[in-house]
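Each chain, letter by letter, is given below.
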Amino acid sequence: MNRTAFGLLLIVTCAVIEGLAQIAWKTSSRKPEHKHFWIAAGALAYGLEIILYTFALTAVDVSIAFAMGSLSFVAVALFSRLLLGERISWLRGAGLGLILCGVAFMGEQA
Amino acid sequence: MATETQPDNRAKRGLPTRLVAGLVLAIILDTGVQTVWKRAAQTIPDAAAHNPRLALASILHQPLFLAVGVLIFAQMFNWLKVLDDADVSYALPITALSYLSVALVSGLWLHEAVTPARLGGMLLILVGVALVARTDHNTLDPS
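Since we're looking at a predicted model, the values are computed, not measured.

Participant: Mind showing me how you'd approach the overall build of chain B here?
Facilitator: The secondary structure content of chain B amounts to six helices and zero strands. Shown N-terminal to C-terminal, the secondary structure of chain B runs as helices and strands in the order α-α-α-α-α-α. Looking at chain B as a whole, 41% of its 143 residues are labelled buried. Considering only residue pairs separated by 6 or more positions, chain B has 82% of its internal contacts joining residues 24 or more positions apart. For chain B, the accessible surface area stands at approximately 7,900 Å², while carbon and sulfur atoms represent 67% of it.

Participant: Hey, could you run me through the packing of helix H1 (residues 3-30) of chain A against helix H2 (residues 35-57) of chain A in this one?
Facilitator: The description of two packed helices rests on the angle between their axes and on the distance between the axes. Residue and element names in this part refer to chain A. Two elements in contact, H1 and H2, have axes separated by 8 Å at closest approach and are oriented at 165 degrees. Relative to H2, H1 is oriented roughly antiparallel. The element H1 and its partner H2 pack so that their crossing is left-handed. Grouping the constituent residues of the contact of H1 with H2 by class yields 18 nonpolar, seven polar and three charged.

Participant: Looking at this structure, how should I read the pattern of salt bridges?
Facilitator: Side chains that differ in charge, positive against negative, can pair when their charged atoms come close. Residue and element names in this part refer to chain B. Inspection of every chain in the model, using the stated rule, returns two salt bridges over all chains. A salt bridge links Arg18 to Asp85; the shortest N-O distance between them is 2.9 Å. Taken together, the positions of Arg18 in helix H1 (residues 17-41) and Asp85 in helix H3 (residues 63-85) put the pair 67 residues apart, joining distant regions of the chain. With a relative accessible area of 52%, Arg18 lands in the exposed category. Look at Asp85 and you get buried, because its relative accessible area is 16%.

Participant: How should the interface of chain A and chain B be read in this particular structure?
Facilitator: Counting residues at the interface gives 40 residues for chain A, matched by 42 residues for chain B. Across the interface of chain A and chain B, roughly 3,800 Å² is buried in total on both sides, 69% from carbon and sulfur atoms. When the area that chain A buries against chain B is broken down by residue, the three leading residues are Arg87, Arg92 and Met106 of chain A, summing to 21%. Linking chain A with chain B are one salt bridge, by the criterion used here. Here Arg92 of chain A makes a salt bridge to Asp87 of chain B, at a shortest N to O gap of 3.1 Å. Put simply, chain A and chain B have 11 residue pairs in polar contact (both at pLDDT 80 or more) between them. Those elements that place two or more of their residues in the side of chain A that touches chain B are H1, H2, helix H4 (71-84) and helix H5 (90-108) of chain A.

Participant: When you look at the confidence of the model for chain B in this model, what are you seeing that I'm missing?
Facilitator: Low pLDDT means the predicted atomic positions in that stretch should not be read closely. Here chain B shows a mean pLDDT of 84. Residues at 70 or above account for 90%. Every residue in residues 1-7 of chain B is under pLDDT 50, and counting partners more than four places away or in other chains gives 16 contacts.

Participant: Would you explain the nonpolar core in this entry?
Facilitator: Proteins that are soluble and globular tend to have nonpolar side chains buried together. Formed by 47 residues in total, the largest nonpolar core has its most connected members in Leu23, Trp79 and Ile125 of chain B. Ranked by residues supplied to this core, first place goes to H1 of chain A with seven residues. In contact with Leu23 of chain B, not counting residues within four places along its chain, are Trp79, Val82, Tyr90, Ala91 and Ile94 of chain B.

How each quantity is defined
- Residues numbered from 1 in each chain as written.
- Chains lettered and ligands numbered in written order.
- Predicted model: local features only at pLDDT ≥ 70, side-chain atom pairs only at ≥ 80, totals over all residues.
- Heavy atoms only, no water.
- Helix = DSSP H or I, 4+ residues; strand = E, 2+ residues; numbered from the N terminus.
- Buried < 20%, exposed > 50% of the residue type's maximum accessible area, 1.4 Å probe, protein only.
- Contact = heavy atoms within 4.5 Å.
- Areas by Shrake-Rupley, 256 points an atom, 1.4 Å probe, with all protein chains shown as cover.
- Axes fitted to C-alpha atoms, helices over the stretch in contact; angles between N-to-C directions.
- Parallel < 35°, antiparallel > 145°, perpendicular 65-115°, else oblique.
- Left-handed = near helix turned anticlockwise from the far one by under 90°.
- Nonpolar A, V, L, I, M, F, W, Y, C, P; charged D, E, K, R; others polar.
- Salt bridge = Lys/Arg side-chain N within 4 Å of Asp/Glu carboxyl O.
- Buried area = accessible area lost by both parts, 1.4 Å probe.
- Polar contact = N/O pair within 3.5 Å; in protein donor to acceptor, adjacent residues only side chain to side chain.
- pLDDT = per-residue confidence, 0-100.
- Core = buried A, V, L, I, M, F, W, Y, C linked by side-chain atoms within 4.5 Å.

Next comes the structure, spelled out in C-alpha cells:
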C-alpha cells in the first residue's frame with residue numbers, strides 16, 4: 001500500500017471512529033446509569049481520531065482530508081440508524097447529500 | 001444509507017428553545033475552536049516542525065492554546081446537552097453551518113480568501129442544513 005492510499009485509509013478510519021464516538025455520546029444521554037462510561041468512551045475515541053488524523057495529514061493534502069472528513073456525517077447517519085434506531089427520512093438523507101457536496105466543493109478550494 | 005420511506009409526519013413538532021440555543025452555541029464554539037486554533041498554530045516557529053521540544057515549548061508558552069482547550073471542553077459539555085434533546089443524525093449535520101461561519105470569520109480575522117467556488121460550497125451546505133432542519137429533531141423519543 002502506498003503512502004497516499006494509507007493516508008486515505010486513515011481518514012476513512014477517522015470518519016468511522018467519529019461516528020462511533022457520537023453514538024457513544026448519544027448513548028450517554030439514553031443510559032444515565034452508565035453515563036460516565038459512554039462519555040469517556042466517546043472522548044477516548046476522539047483522542048484516537050486526533051492522533052490518526054494527524055498521521056493522515058502527513059500523507060495526503062489537507063484539501064482532500066478536509067473533504068473526506070465530511071464522511072463522518074455519513075458514518076453518524078449510518079450508525080445512528082443501525083445502532084440507535086434513529087429514523088433517517090429521505091429529506092434528512094437529501095440534506096446530508098447536499099452538505100457532503102458542499103464540503104467537497106469547499107475542500108477542493110482549500 | 002438506510003432510508004425511511006414513510007412521510008416525516010412529526011416534522012412539524014416545534015424545536016425546544018434549549019435545543020436551538022444549544023445548536024447555535026455549538027456552531028459558535030466550533031467556529032471559535034477552529035479560528036483560535038489556527039491563530040495559535042501561526043505563532044509556532046517554522047523550526048518547530050522538526051523539533052518536537054521546541055514545538056511543545058511553543059505550545060505551552062502560547063495562551064491561545066489554553067483558550068483552545070477551554071473552548072473544546074465547553075464544546076463537549078454543550079454537545080452532550082444538545083444530544084439530550086435531539087437525534088445525533090439531526091444535530092450533527094446542523095453544525096455543518098460552522099463550515100460557513102469558520103470561512104467567514106477566517107476571511108475577516110485571518111484574511112483568508114473566500115472564493116466564489118467556496119461560496120458555492122457554502123450555499124450547498126446551507127440548503128442541505130435547511131432540509132435536515134425540516135425533519136423531526138427527535139425520532140427516538142416521540143412526544
